[in-house]
Structures are given as structure tokens and as C-alpha cells.
Amino acid sequence: MSLDPLRGSVAVVGVGQAGLGSAAGFTEQEILSQAALNAIKDAGLSLRDIDGIATCSSLSTMWVMPVIEYLGIRPSFIDSTMIGGSSYVAHLLPAIHALVSGQCKAVLVCYGSTQRTATFNRAELTQVRKVMDPQPFETPYDPPMPVSAYALAAQRHMHQYGTTRKQLAEVAVAARKWAQLNPEAIMRGDLTIDDVIAARPVAEPFTVRDCCMVSDGAGAYVLTRADRARDLRREPIYVLGNATACWNRQISSMEDLTVTAASESGSRCFDMAGYRAKDADIAMLYDAFTINTLLFLEDLGFCKKGEGGAFVDDGAIAPGGRLAVNTNGGGLSCVHPGMYGVFLMIEAVRQLRGECGARQQDGARLAVVHGNGGTLSSQSTAMLGAAETL
């Protein structure tokens, strides 16, 4: 079956967030429901209109069921596929199929986490995950995951292509400069290249400023068919393409530590959309660590393999640079409550609707959104566009 008929058949009609940074006193369910209601209200709909849901959690294999119960809905479409932080981009295509087939009329995609303020014991949780999700070639050596995996990829990229420590730091500094334009961002203090390099070491070559934050936060978006979206409150932002790929779970099983499955998910997504990465006005790339941004710029086709470091040099992805990347501040400076994918979607939609204030990109009408899960494991790419991109 060709995916061509699905191109632009569904649109994002509402987005919402809640509990960003610290949600002390609230549960994950509570801030998730706040974000969900905000997204539904943004769309001009009510909770009664929601008959499809997509959600997952790293803490619960049956997460979607208590969410359905808490919201009090009875959906005819349910997707609880959990593939890490890319899940909330990967939920798109199943939801599109459900909407176009008539299985449902409005899908709520939602996520919430209180990983910063929750009272669970993180050390115990880490041990539980090692039992529930063991990596046979890695777990016996007890590396500090996930940072050591991403640091390994960064070291290889530096060795293979001459990528410099400064170029990695450029990613963190660019994210912070965007965050300083975003009143919702959590980390907004000044940050320089020297600050990143001199920060507390975590895993060579990373310091703490190469790593995403630990925060609370919830996000949600609502999808409907395009023919319905045109009659709702907000400007519809159309899903032009989406694809997901996974080549490995363990980073030690990657054939090449510098090439991710984003090269596949991106290619298939762009074929469906009828555009390439370089056509995009903005890019939202899952930046759990600074190396991620370089790898995804390369694998998605913004630059050639090995040229990611040079691509980001001298503020090229910061405000005023050649490409606007992670305009909310990303997982490095805006918010990162365990899984970040839903926030990529929200920022892209807000940019394409022209709602981002000081960080708004003039004329932004086409966006690449890319989610990452596990340790460079699952990859999901989407292309979103305003009406004139159809």
C-alpha cells in the first residue's frame, strides 16, 4: 500500500503543556491530564470529542489504561507502543491510519512525568530496569547508562571525522541561546563554550552541560482528519510524512556508532512528504546529548556524514544562524522529563502557527521533527507543514 493518500490527510489541531520544570505536589497523571486538557481546549474541542489515545511511559507497561481511566474516556483507538523518547513522534502514523479509516475522529497524544520531584528511589529504579530490560552485552559491565553509550558515539565521531570538543559544546550553547528567548524554558542562564567544556565531567568527552536536564513536565497534542481540522479554532498543521526505524537496542550492537536508523526513518518520511530535510525552515531534533544533534543533522540529510561538527560551528544553529534547531531550548535547556518527543511536536506546531514570540522564525511553514529512543536505538521522523505546503 502506498502512503501517498495519507500525506496531509491529518493535522495537529491543538497542543498543550503543564508542570514544566518542577511539578512538586502533583502526580504524573495529574500533570498529564492538565496538558491534555490544555491541548483539547487549544483545539476548540472537549474531552467528549476524544475517541483515540496514544500514550506510554517508561515506568509502567500498562500506562495507557490508568490514563484512560483517569481521563474518563472510552477510546475506539488505543496505541501504547513504547520505544523510548521517539514514541511521541512514532505515534503519528498509527493515529493517521485510525483517523483516515474512520476508526476514530480525534486522537489525543499525551505524556507526563514527574521524574524530578517524584519520591521513588532512582537507584532502585535503575536496578529494576536492569532486570526488566537487560542488555546482554552491556548490563554485566554495569556502565552508567545512558550517558556512557552516547559518550561512546561522541568519541567515535571525534576519532573518525575530526569533530572537536568545541563543536559539541556549540550544540549546548545554541540550545541555551534559544532557551533565553523562551519564557517557559527551565535553564536560561548565560552559557559559553568554555563553560560547557569546564563543567563537571560525566563521561568522556561529556560534561554535565552536554547532557539533558532532569525535569518534570507534561505535553500533549490532538490530531483530527484534515477535512475536520479546517473548521476548528487553530490553524491546522498538517502531517506530511512520518516513518520510524529501529536497528538495535544496545549501542554495542550498532554496525557503525556514527550512523543511526534516522538515515532510514528520515528517507522514508521525506519520500512520503515530497520534501527533503534541506527544504525545512526549522528542525526539532531530540538532543538528549550534544552528539545527538550532530548525528541527526547528518543522518537526516542536512549535511553529509562527518560534517555535523562543521555545520554547527560558530553559532550556525543558534538564533540568527543558518538553521533554526530546537528553538524552545531543547532537552538540553528547555525541558526533559525522561522522554522528550512530545515537546518536539509541540514546538514545531507553535512555530508553524507563528506563536513563539521572541524566538519565532519568520516565514516558518515547513518543519522536520525527529525523535530518538533508547541509546541511539529507535528513530522516528516527521515532517509537518502549513496549508501552503500541501
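Rules used throughout
Residues numbered from 1 in each chain as written. Predicted model: local features only at pLDDT ≥ 70, side-chain atom pairs only at ≥ 80, totals over all residues. Heavy atoms only, no water. Core = buried A, V, L, I, M, F, W, Y, C linked by side-chain atoms within 4.5 Å. Buried < 20%, exposed > 50% of the residue type's maximum accessible area, 1.4 Å probe, protein only. Helix = DSSP H or I, 4+ residues; strand = E, 2+ residues; numbered from the N terminus. Contact = heavy atoms within 4.5 Å. Pairing = 2+ DSSP bridges. UniProt positions renumbered as here; feature names shortened; annotations may be inferred. Salt bridge = Lys/Arg side-chain N within 4 Å of Asp/Glu carboxyl O. Phe/Tyr/Trp six-rings, centres within 6.5 Å; stacked < 30°, edge-to-face > 60°. Lys NZ or Arg CZ within 6 Å of the ring centre and 35° of its normal.

- Looking at an unreviewed UniProt entry, the chain carries the name Thiolase, with the source organism given as Bordetella petrii.

1. Digging into the nonpolar core
Next, step 1: Judged by nonpolar contacts, the single largest core of 126 residues is most densely connected at F206 and L223.
Next, step 2: With eight residues, helix α14 (residues 341–352) is the single largest residue contributor to this core.
Next, step 3: Excluding residues within four positions of it along the chain, F206 makes contact with V147, Y150, A151, A154, R165, L168, P201, C211, F289, T290 and I291.
Next, step 4: With six residues, the next largest nonpolar core counts A169, A172, V173 and V196 among its residues.

2. Here we look at the pairing of strand β7 (residues 216–225)
Next, step 1: Burial runs high along β7: nine of the 10 residues are buried.
Next, step 2: Here eight bridges tie strand β4 (residues 106–113) to β7, and the two strands are oriented antiparallel to one another. Looking at β7, one finds that V107 is bridged to L223.

3. Concerning the UniProt feature "domain: Thiolase C-terminal" (unreviewed entry) in the chain
Next, step 1: This chain's UniProt record puts "domain: Thiolase C-terminal" (unreviewed entry) on residues 243–385.
Next, step 2: End C-alpha to end C-alpha, residues 243–385 measures 16 Å, and it is 30% helix and 18% strand.

4. With respect to the pattern of salt bridges
Next, step 1: Counted according to the given criterion, the structure contains 18 salt bridges.
Next, step 2: Across the pair R234 and D42 runs a salt bridge whose closest N-O atoms are separated by 2.7 Å. Here R234, found in the loop between α9 (226–229) and β8 (237–246), pairs with D42, found in helix α1 (residues 28–43); they are 192 residues apart in sequence, far enough to count as distant.
Next, step 3: Look at D42 and you get buried, because its relative accessible area is 10%.
Next, step 4: Between R365 and E235 there is a salt bridge; the shortest N-O distance is 2.6 Å. Residue R365 is located in the loop between α14 and β11 (366–373), and its partner E235 is located in the loop between α9 and β8; the two are separated by 130 residues in the primary sequence.
Next, step 5: Under the relative-accessibility criterion, R365 is labelled partly exposed at 22%.

5. Brief notes about the packing of aromatic side chains
Next, step 1: All chains considered together, the criterion is met by five aromatic pairs.
Next, step 2: Judged by centre distance (5.2 Å) and plane angle (50 degrees), the ring pair of Y88 and Y111 falls under tilted. Taken together, the positions of Y88 in helix α3 (residues 87–90) and Y111 in strand β4 put the pair 23 residues apart, joining distant regions of the chain. For the pair formed by Y88 and Y111, the shared burial category is buried.
Next, step 3: With centroids separated by 5.5 Å and ring planes inclined at 90 degrees, the aromatic side chains of Y286 and Y340 adopt a geometry described as edge-to-face. On the criterion of sequence distance, the pair formed by Y286 in the loop between β9 (282–285) and α11 (290–299) and Y340 in the loop between α13 (330–333) and α14 is long-range, its members being 54 residues apart. Y340 matches Y286 in its accessibility class, with the two residues each being buried.
Next, step 4: Members of the aromatic cluster, joined through ring pairs, are Y150, F206 and F289.
Next, step 5: Lying over the aromatic face of F311, R322 brings its terminal NZ or CZ to 4.4 Å of the ring centre.

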